[in-house]
Amino acid sequence: MSAIAAETRWTRLAGFWADFRQSPTAVAALIVIVSVILMAVFAPLIAPQDPYNQATLDLFDARLEPGNVGSAGYVHWLGTDAAGRDVFSAILYGLRTSLIVGVAAGSLALTFGAVVGLIAAYYGGRVEAVIMRIIDLQLSLPAILLALVLVAMLGQGLPQLIAALTAAQYAYFARTTHGAASAERSKDYIEAALSTPLPARQVLFRHLLPNALPPLIVVATVQVANSIALEATLSFLGLGLPLTQPSLGSLISNGFQFLLSGRYWISIYPGIALMLTVVAINLVGDQVRTVLNPRRSR
């Protein structure tokens, strides 16, 4: 049975990829995402400078234009900022932090939100009513407002920021899971599972959750992009990560004051990197939603 199950799984993946690659835009976006991840992972090997090692910085290299050679003898292809940091190196290290925050917050929000949504759909009645009214209340508030309040309460730092973004976004997963699981809850196979002495967790995670996964995967891709954008917004406002932990938002903030003085590259290039990353993730998410849509024409 294991060999048959593995073969079936690979067949489904092959079918998913065949449908996914029908969109050249989505394939190009996926290539961008993979490239961004590789550059972030191998940033210490690619970047000519560790931008947050104070010993390697030279104030004489501050605000060099793109293409100039610094005191260390290498070309600053994207210029330098006010502290003499190589902007290209800072972007690579900033991508690492932004991706860690986005993936970690998205994964935790998915896990917690899925559990909450499953519990509401499984038990129904007053439990469902109370849980979903809390979810509806949270969804009525902008995620950025919740994140601002939570970060102000928890303080700066990577764990605090991930916790704030998770708490601000789990409701989207809970609502999606509840909708999908509620539709599955009334089907015959769930009724058959409930008629046997199976524990509740087995019905929840072995029967309800697998059939609610397709819409959750779509929401997860979108929320990872939202987490990256929210982190950038908080860091731009000075409420995200401290200066010792680079992110794309803090890099944009560092150069904002120099935009009108003609030193556009300090903010523009990190902004382009952020925009490409978020747009690419959203494009991939849109195609995943199209492929997983059970009502699409074949």
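Residues numbered from 1 in each chain as written. Predicted model: local features only at pLDDT ≥ 70, side-chain atom pairs only at ≥ 80, totals over all residues. Heavy atoms only, no water.

## Considering the overall build of the protein chain
Across its full length, the protein chain holds eleven helices and two strands. Considered along the principal axes of its C-alpha atoms, the protein chain spans approximately 75 × 45 × 30 Å. Pairs at least 24 apart in sequence give 69% of the contacts found in the protein chain among residues at least 6 apart. On the protein chain, roughly 15600 Å² of surface is accessible, and the fraction owed to carbon and sulfur atoms is 66%. For the protein chain, the centre of its 18 positive side-chain charges and the centre of its 15 negative side-chain charges are spaced 11 Å apart. (Helix = DSSP H or I, 4+ residues; strand = E, 2+ residues; numbered from the N terminus. Contact = heavy atoms within 4.5 Å. Areas by Shrake-Rupley, 256 points an atom, 1.4 Å probe, with all protein chains shown as cover. Lys, Arg positive; Asp, Glu negative; His and termini not counted. Charge placed at Lys NZ, Arg CZ, Asp CG, Glu CD.)

## What about the confidence of the model for the protein chain?
Residues with a pLDDT of 70 or more make up 92% of the protein chain, whose mean pLDDT is 85. Within the protein chain, no element has a lower average pLDDT than helix α8 (residues 188-194), which sits at 67, and none a higher one than helix α2 (residues 24-41), at 94. (pLDDT = per-residue confidence, 0-100.)

## Remarks on the layout of surface pockets
Looking at the second largest pocket, its volume works out to about 510 Å³. I33, I37, V103, V224 and I281 are the residues nearest the centre of the second largest pocket, which is lined by 23 residues in total. Within the residue set of the lining of the second largest pocket, elements represented by two or more residues are α1 (2-20), α2, α4 (87-123), α9 (200-236) and α11 (265-292). Looking at the lining of the second largest pocket, the element that brings in the most residues is α4, giving seven residues. Counted by class, the lining of the second largest pocket contains 18 nonpolar, four polar and one charged residues. (1 Å grid on protein atoms, 1.4 Å probe; cavity = no way out; pocket = protein on both sides within 12 Å on 5 of 7 lines; lining within 4 Å. Points joined across faces, edges and corners; volume = space filled by probe spheres on them. Nonpolar A, V, L, I, M, F, W, Y, C, P; charged D, E, K, R; others polar.)

## Some words on the nonpolar core
One recurring pattern in soluble globular proteins: nonpolar side chains tend to sit buried together. Core analysis: the largest hydrophobic core is formed by 31 residues, its most contacted members being I91, I228, L248 and L274. Elements with a minimum of two residues in this core: α2, α4, α9, α10 (248-256) and α11. At ten residues, the largest contribution of residues to this core is made by α11. For I228, the contacting residues outside a window of four places in its chain are S98, L99, G102, L274, T277, V278 and I281. (Core = buried A, V, L, I, M, F, W, Y, C linked by side-chain atoms within 4.5 Å. Buried < 20%, exposed > 50% of the residue type's maximum accessible area, 1.4 Å probe, protein only.)

## What to know about empty space enclosed by the protein
In total, this model carries one cavity of 30 Å³ or more according to the counting rule given. One number sums up the size of the largest cavity: a volume of about 50 Å³. Along its surface, the largest cavity is lined by D81, V87, A90, L251, N254, I266 and P270. Those elements that place two or more of their residues in the lining of the largest cavity are α4, α10 and α11. Residue composition of the lining of the largest cavity, grouped by class: five nonpolar, one polar and one charged.

## A few points about α4
Each α-helix winds once per 3.6 residues, and so residues spaced three or four apart point in a common direction. Under the 1.5 Å per step criterion, the end-to-end length of α4 is 53 Å for 37 residues, consistent within 8% with the ideal 54 Å. Among the residues trailing α4, G124 stands out with phi positive, at a value near 60 degrees. (Expected span 1.5 Å × (residues − 1).)

## Digging into the pattern of salt bridges
Applying the stated criterion to the full structure yields four salt bridges. Among the salt bridges present, the one from R133 reaches D136, with a minimum N-O distance of 2.8 Å. Within this pair, R133 and its partner D136 are both found in helix α5 (residues 125-139), separated by three residues, close to a single helical turn. Where R289 meets D286, a salt bridge forms, and the shortest distance between an N and an O atom there is 3.1 Å. Taken together, the residues R289 and D286, both in helix α11 and three residues apart, mark about one turn of the helix. Taking relative accessible area as the criterion, R289 reaches 48% and is therefore assigned partly exposed. The class for D286 is partly exposed, based on a relative accessible area of 33%. One salt-bridge network, in which partners are shared between bridges, spans R133, D136 and R175. (Salt bridge = Lys/Arg side-chain N within 4 Å of Asp/Glu carboxyl O.)

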